[in-house]
Amino acid sequence: MAVQTNTRVLLNKVRGILQFIQKRHRVKTKWAATSPKLSATDLALQNHDVMYNMQLGELWPSVRVGLLTEQKYGALVNNFSCDDTVMYLQSLGCQDFIASSLHMEGSKAADSVIPPYSESLQFDQPIEGTYTDLTRASISPNVKCFVFPKGDISRFKPARPDSCGYLSYYLMDAASVLPVLALNVQKGQSVLDLCAAPGGKTLALLQTQAIRFLWANDWSGSRMSRLQRTLKSCLPSELCSEDNLCITSLDGRKWQEVGENGTFDKVLVDVPCTTDRHSLVEEDNNIFSRSRTKEKQSLPLCQTQLLLSALQAVRVGGEVMYSTCTLSQLQNQCVVEQAMSLAKEELGISAEVVDLQPFTALFQDTFYFAPDMNVGVMVLPHLTANFGPIYFCKLRRLS
Amino acid sequence: MSRICGQQVVRWSLRLSPSLALKSAARAEQNARQFAFACRMLCSHAHESQTSRASAQQHGSELTLRILLDLGFTETQAEQVYEGVTRSLGKRSTTHDTSTITALLALGLNSSSIVKVFDKCPALYTEKGAVVQQRMQNLCKLGLVEGSIQRVISYRPQILTLPAKKVNAAVQYIRTKCLFTAQQMRDILRDSPEVMEEDLKHLELKFQYAYFRMGVKQAEMVKAKLFKVSMEELRCRHCFLERRGFYQTPDKKGQTLIVNPKLKDFLFTPEDVFLSQFAMATKEELDMFRKLIAREDEEKGKMLEYGDIEEDKEEDEGEEDLTDFRRGNMGHMGYERNKRKR
Ligand SMILES: C[S@@+](CC[C@H](N)C(=O)[O-])C[C@H]1O[C@@H](n2cnc3c(N)ncnc32)[C@H](O)[C@@H]1O
């Protein structure tokens, strides 16, 4: 405690000096001031331009205009609503992109792009059927997410309570459903959602109706109460009993202190990131504002720590889904690689990356996936399919 | 100015006469007299209204198929014009005469161009010849030289249905609001006569958008034929480039981090060229963007209507400095990115 206060005093002092320097500096710039002070959204755009131009090359302009233009939403159907939501959504002219991908004739779309053999196959011994069929079979039939067809810019109305008082659907980036689907939660499994608030993915997880026990955690108390409100407005209370749902507000980096290590079948770790789309439009509390520079710089570290926690929380043979809503390699592939090597060296936990090619092949018609990804999958924003950015990567714990 | 005008008309008339191929010498003489009169009329500025009225009387031979043929129209052309006249004027009017047609002939338009002119703008049938002549004269005064005036009228005959007063007011408005030079204004009139029919407020908005939001100077606007393109298209193409990272609003000194493409190159060019050479995008993307930006603007407009203009006020309080691209009095037309950030 004493140590903490001491560091705080020290920090304040440092901050004071910094401010002092900045003020002096400011006088100087004022003398030569011509450029207007850049807003945080400007800074975000500048950052994106530099980083993603390098990373995406000639794909960047199309991603850029997607990011700067209204995004598309998906309506996650609440299976617990008493209304016939599916019929309502169909009457609007939209389609459940999951069902339509799964019910596609044969397996033509997907099989052609799958390598004949991949080491990190999800299924131990595929004897019958193609990988695509198996991938299909492993996707929860209960998660339904409706989107307007390509080229249609219609919007969903905000969901209102139905006759039983539950919301009939939940609006979210349709691409956010993918990491949940790809986690393949099976009947009776226990799941940890380490950074859960405000709860879109938690809700999607619960729609599978397969989970025996769900632990939803988020460090931010205020965001966690939002999650609780969301769950309350969508789920019957018996589903939220202590036996099957646990809600906490802990620092996920210190998960090992909780003691629930090596117990979960599946862990979702949807980490805080630079939220690339959001940071271009919202000035308030923007991660690119100068006051949050330090925090921004420490994001990859925090993300790595959170992923390490997830790898510890999952049982051997279980799976971790790491996801972000940034395009940044530093926060995506690099974090995964860093965490995997740290887990091995420091914790003696080895893990492998699960190949998601067969999975993404199913959804190619709906999303624009980044080509040439070595580790994980990326949904790129694009005007014709303006979802994402979403990065996700599945790891299986081996020891 | 007026001297130049006069000379031109004389030249047109001279050039025109043989092509008329009139059958009788008497007719030829009569027409020559008419042309001479037209010339005088177009050149004289002092007694405009008097002379116009006089000429109307002078020209007032009733319009018949015979006369149209005599004036050099082919049979089909004559029938087409005659039908047009009777359709437009109906029975109630008694004033259909040849004066508008002779005025157009005097200007140097041949019979087939005249048929096209009436085709494009049937309203011209109902205009009095004298008035039309007076309007031509006004355009001449505004600086449309030989060649240009014929082209303008062939391209946009509607301009002859606008009262000279209105045209002059529009010219005045554009010049004072947008600070075009006299020469630039003449070029605008020549290249985009349709601006005279546009809502002037719209026009001003388009100018302000190009000037403040895009950092384009007047000379470049004229070259780019800015006023020929709708606000929606301007906005769509500019924002599409901007959001793709290919266009930047210059700072106060007119500087940008990237080299902006020239307005004249990307604005008036066919869509496929725009896509392949400037936007590096597919048609599907542009089509989507067109829909989305239209909705953005529509909603932005609504928001402003409902009184969300405090921000604007604050921003506009400063002097209206034409070099400050970021501060223009843009109304709702699209500098939302800047605004949201402040
Ligand atoms: C991208 S959001 C999660 C979104 C959520 N999964 C959903 O789908 O609605 C990241 C979350 O991580 C939380 N967070 C940040 N640092 C954390 C930490 N150290 N431990 C746990 N959660 C943290 C933030 O409060 C934030 O709600």
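Residues numbered from 1 in each chain as written. Chains lettered and ligands numbered in written order. Predicted model: local features only at pLDDT ≥ 70, side-chain atom pairs only at ≥ 80, totals over all residues. Heavy atoms only, no water.

As recorded by an unreviewed UniProt entry, chain B carries the name Transcription termination factor 4, mitochondrial and is attributed to Clupea harengus. Annotation of chain B in UniProt includes, under Sequence similarities (unreviewed entry), the sentence "Belongs to the mTERF family." (UniProt positions renumbered as here; feature names shortened; annotations may be inferred.)

An unreviewed UniProt entry annotates chain A as 5-cytosine rRNA methyltransferase NSUN4 of Clupea harengus. The Subcellular location (unreviewed entry) field of the UniProt record for chain A holds the comment "Mitochondrion".

## What to know about the overall build of chain A
Summing up its helical and strand segments, chain A has 14 helices and twelve strands in all. In chain A, which comprises 399 residues, the proportion classed as buried is 51%. Within chain A, contacts between residues separated by at least 24 positions form 77% of all contacts whose residues are at least 6 apart in sequence. Only carbon and sulfur atoms are counted for the fraction: they give 54% of the accessible area of chain A, which is about 19400 Å². (Helix = DSSP H or I, 4+ residues; strand = E, 2+ residues; numbered from the N terminus. Buried < 20%, exposed > 50% of the residue type's maximum accessible area, 1.4 Å probe, protein only. Contact = heavy atoms within 4.5 Å. Areas by Shrake-Rupley, 256 points an atom, 1.4 Å probe, with all protein chains shown as cover.)

## A closer look at the UniProt feature "active site" (unreviewed entry) in chain A
All names here are of chain A. As recorded in UniProt, the feature "active site" (unreviewed entry) lies at Cys325. Here Cys325 lies in the loop between strand S9 (314-324) and helix H13 (333-347). When residues no more than four places from it in sequence are discounted, the contact partners of Cys325 are Cys273, Thr275, Asp276, Pro389 and Ile390.

## A look at the packing of helix H6 (residues 99-107) of chain B against helix H7 (residues 111-120) of chain B
All names here are of chain B. The contact between H6 and H7 brings their axes to 10 Å, and the two run at 125°. Judged by the inter-axis angle, H6 sits oblique to H7. By crossing handedness, the relation of H6 to H7 is classed as right-handed. In this structure, H6 uses Thr100, Ile101, Leu104 and Leu105 to contact H7, whose residues at the interface are Ile114, Val117 and Phe118. In terms of residue class, the contact of H6 with H7 is built from six nonpolar, one polar and no charged. (Axes fitted to C-alpha atoms, helices over the stretch in contact; angles between N-to-C directions. Parallel < 35°, antiparallel > 145°, perpendicular 65-115°, else oblique. Left-handed = near helix turned anticlockwise from the far one by under 90°. Nonpolar A, V, L, I, M, F, W, Y, C, P; charged D, E, K, R; others polar.)

## Description of the confidence of the model for chain B
All names here are of chain B. The share of residues in chain B with pLDDT of 70 or more is 68%, and the mean pLDDT across the chain is 75. Here residues 35-41 is a poorly scored stretch, pLDDT under 50, and it has 17 contacts once near neighbours within four places are set aside; other chains count. With pTM at 0.80, the complex prediction returns an ipTM value of 0.84. (pLDDT = per-residue confidence, 0-100.)

## Re the site of the ligand
Residue and element names in this part refer to chain A. Neighbouring residues of the ligand: 21 residues in total, closest Asp218, Arg223, Asp251, Gly252 and Asp270. Separating an oxygen atom of the ligand from a backbone N or O atom of Gly200 is a distance of 3.0 Å. Class assignment of the residues belonging to the shell around the ligand gives a composition of ten nonpolar, five polar and six charged. (Near = heavy atom within 4 Å. Polar contact = N/O pair within 3.5 Å; in protein donor to acceptor, adjacent residues only side chain to side chain.)

## Structural notes on the pairing of strand S6 (residues 211-217) of chain A
Residue and element names in this part refer to chain A. The buried count for S6 comes to six of seven residues, which makes it a mostly enclosed element. By the bridge criterion, five bridges tie strand S5 (residues 189-193) to S6 in an arrangement that is parallel. The residue bridging Ser190 from the neighbouring strand is Phe213, located in S6. Handedness of the crossover joining S5 and S6 through helix H9 (residues 200-207): right-handed. By the bridge criterion, four bridges tie S6 to strand S7 (residues 245-248) in an arrangement that is parallel. Within the sheet, the bridge partner assigned to Trp215 lies in S7 and is Cys246. (Pairing = 2+ DSSP bridges. Right-handed = clockwise from strand over helix to strand, strands pointing away.)

## Comments concerning the sheet that holds strand S3 (residues 145-147) of chain A
All names here are of chain A. Here four strands make up an open sheet; going across it, the order is S2-S3-S1-S4 and the pairing antiparallel. Of all strands in the sheet, those bounded by a partner on one side alone are strand S2 (95-96) and strand S4 (169-172). Relative to S4, strand S1 (residues 74-77) runs antiparallel, the two being bridged by four bridges. Within the sheet, the bridge partner assigned to Leu76 lies in S4 and is Tyr170. Sheet strands in contact with H9 are S1 and S4, and its direction is about 45° off that of S1.

## Considering the packing of aromatic side chains
Applying the stated criterion across every chain, the model contains 24 aromatic pairs over all chains. One aromatic cluster is present, built from ring pairs that chain together Phe97, Phe359, Phe363, Phe367, Phe369, Phe387 and Phe392 of chain A. The ring of Phe274 of chain B carries the charged tip of Arg237 of chain B above its face, separated from the ring centre by 4.6 Å. (Phe/Tyr/Trp six-rings, centres within 6.5 Å; stacked < 30°, edge-to-face > 60°. Lys NZ or Arg CZ within 6 Å of the ring centre and 35° of its normal.)

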